[in-house]
Amino acid sequence: MTVIRRLNCFDAPKIKKMISYLGNEDGDKYSKAITEEAFIMLHAILPLKYKFLPESYILLENNEILGLITVVPTSGNPYKMNITRLIFQQNMYDVGKRLVEFVIARFGAKGAISFTVTVDQSHDELLNLFMQGCGFRQCSYENLWKLDNFTPQTDKIANFRYCQNSDAKQVAKLYNNELKNLYKPSLQRIKEEYKEPFFAGMTSFYKNRYVLEEPSNHRIIAYLSITTSDNLNFIIDMSLNDGYNIPYDEIINFALSEIACRKKVFYAFLKHRQYTINADILEKYLHERNLNCIQTQCVLVKDFYKPVKQQENSLQVFLFGENEVVSN
């Protein structure tokens, strides 16, 4: 008999055994994260609009765990769900498909409007699972470039300040304006996604956020975030107003200096989002600095559009050239 249910604390030993092949460091990290999720049962009964923590579900057959999936609501917008973990027994892609379909049905029924996952472009089978098997569509790509032996061409550092919740509206507008029009319906963000959540201390990562203002009118012209989940590897992400020529060197200098204030030894990576207007310009800059792209992930999205309720006896008009058909 096959059952899909929420992960609980009694499953932790089985999950640890299942993922032991990952190695000591990765295995311990996943085991710890999954065990912590298993003990937070109250979160499962919250309405979708109040959810903020990851939730994991397992597929069992004859009491054997064959797969696990984890979904995380977007901070500030829990109606946008992110699939962050999918584990299943060797070559059991049907198990993965059933788990993905389960969380889509479960959270879609609760009001979720979109599901997002990023998959390494080299994993053809997994891409097929989401796109062909589960109806996801590929939006674009996100790349990570390692800032290894980075040598800036200037000593200047951009004058960023800490981002406040009052900046959220401007920052969301900045990010949305940076998107190519093709991707705006699926990837645009609301201002609540840029506000500091009151439960920030309960997340599995640490993020610092900064903004750069135009001195004359205090208009925000750049946004910068620095994120880490292990206090060793730091991901730098930025959104810029394309009407201002803000040197990348100055932004990266600032980011590296902020990280260096916390850590003497660290690894820094720059996120390159190919769905932005200035993606080609940033890529050219990274090549000129002889930096290496170490990871390319496909951004896959599945959207739900709530149909507009049609009134009875509503007017319908169909125009075909000079013809007009009206029904009352």
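Predicted, not measured: the structure shown is a model, and the values here were computed from it. (Residues numbered from 1 in each chain as written. Predicted model: local features only at pLDDT ≥ 70, side-chain atom pairs only at ≥ 80, totals over all residues. Heavy atoms only, no water.)

## Let's talk about the pairing of strand β4 (residues 77-88)
Where strand β3 (residues 64-74) meets β4, 8 bridges bridge the pair, whose relative direction is antiparallel. Each residue of the ladder has a partner; that of Ile69, found in β4, is Leu86. Count of turn residues in the β3/β4 antiparallel hairpin: 2 residues, of which Gly76 carries a positive phi of about 90°. The pairing of β4 with strand β5 (residues 114-120) spans 3 bridges and is classified as parallel. Looking at the pairing, Asn82 lines up with Thr116 of β5. Handedness of the crossover joining β4 and β5 through helix α3 (residues 93-110): right-handed. (Pairing = 2+ DSSP bridges. Helix = DSSP H or I, 4+ residues; strand = E, 2+ residues; numbered from the N terminus. Right-handed = clockwise from strand over helix to strand, strands pointing away.)

## Focus: the packing of α3 against helix α4 (residues 124-133)
Across the interface, α3 lies against α4 with an axial gap of 10 Å and an inter-helix angle of 45°. One finds that α3 runs oblique with respect to α4. Two packed elements cross with a definite hand, and for α3 against α4 that hand is right-handed. Across the interface between the two elements, Tyr93, Gly96, Lys97, Val100 and Glu101 of α3 pack against Glu125, Leu126, Leu129, Phe130 and Gly133 of α4. When its residues are assigned to classes, the contact of α3 with α4 shows 5 nonpolar, 2 polar and 3 charged. (Axes fitted to C-alpha atoms, helices over the stretch in contact; angles between N-to-C directions. Parallel < 35°, antiparallel > 145°, perpendicular 65-115°, else oblique. Left-handed = near helix turned anticlockwise from the far one by under 90°. Contact = heavy atoms within 4.5 Å. Nonpolar A, V, L, I, M, F, W, Y, C, P; charged D, E, K, R; others polar.)

## Side note on the nonpolar core
Counting 29 residues, the largest nonpolar core has Leu147, Phe160, Leu224, Ile236 and Leu270 as the members making the most contacts within it. When residues of this core are traced back to their parent elements, those giving at least two are β8 (206-213), β9 (220-228), β10 (233-240), α7 (248-262), β11 (267-273) and α8 (279-288). Not counting residues within four places of it along the chain, the set of residues in contact with Leu147 comprises Ile236, Ile252, Leu256, Ala268, Phe269, Leu270 and Leu291. In terms of nonpolar packing, the next biggest core, distinct from the first, is built from 27 residues, Met81, Ile83, Ile104 and Leu129 among them. (Core = buried A, V, L, I, M, F, W, Y, C linked by side-chain atoms within 4.5 Å. Buried < 20%, exposed > 50% of the residue type's maximum accessible area, 1.4 Å probe, protein only.)

## Structural notes on the packing of aromatic side chains
According to the stated counting rule, one finds 12 aromatic pairs in the structure shown. Judged by centre distance (5.0 Å) and plane angle (50°), the rings of Tyr248 and Tyr285 are tilted. In this pair, Tyr248 is assigned in helix α7 and Tyr285 in helix α8, connecting sequence segments 37 residues apart. An identical accessibility class is assigned to Tyr248 and Tyr285; each is buried. (Phe/Tyr/Trp six-rings, centres within 6.5 Å; stacked < 30°, edge-to-face > 60°.)

## Digging into the sheet that holds strand β7 (residues 161-162)
Overall, mixed pairing links the 12 strands, which are arranged β1-β2-β3-β4-β5-β12-β6-β11-β10-β9-β8-β7 in an open sheet. Taken across any chain shown, the strands that pair with only one partner, and hence form the sheet edges, are β1 (2-6) and β7. The pairing of β8 with β9 spans 8 bridges and is antiparallel. Counted as the bridge partner of Val211 is Tyr223 from β9.

## Here's the deal with the pattern of salt bridges
Across all of its chains, the model carries 13 salt bridges by this definition. Ionic pairing is found between Arg98 and Asp94, a salt bridge with its closest N-O pair at 3.7 Å. Residue Arg98 and its partner Asp94 are located together in helix α3, separated by 4 residues, close to a single helical turn. When its relative accessible area of 31% is taken as the criterion, Arg98 is described as partly exposed. In this structure, Arg137 engages Asp303 in a salt bridge whose closest nitrogen and oxygen atoms are separated by 3.0 Å. Separated by 166 residues along the polypeptide, Arg137 in strand β6 (residues 137-146) and Asp303 in strand β12 (residues 292-303) bring together distant segments of the chain. (Salt bridge = Lys/Arg side-chain N within 4 Å of Asp/Glu carboxyl O.)

## Comments concerning the environment of Gly96
Its location among the elements puts Gly96 in helix α3. For Gly96, a relative accessible area of 0% corresponds to the buried category. Once the C-alpha coordinates of Gly96 and Gly67 are considered, the two residues, 29 residues apart in sequence, prove to be 6.7 Å apart. Residue contacts for Gly96: discarding those within four places in its chain leaves Leu86, Phe88 and Leu129.

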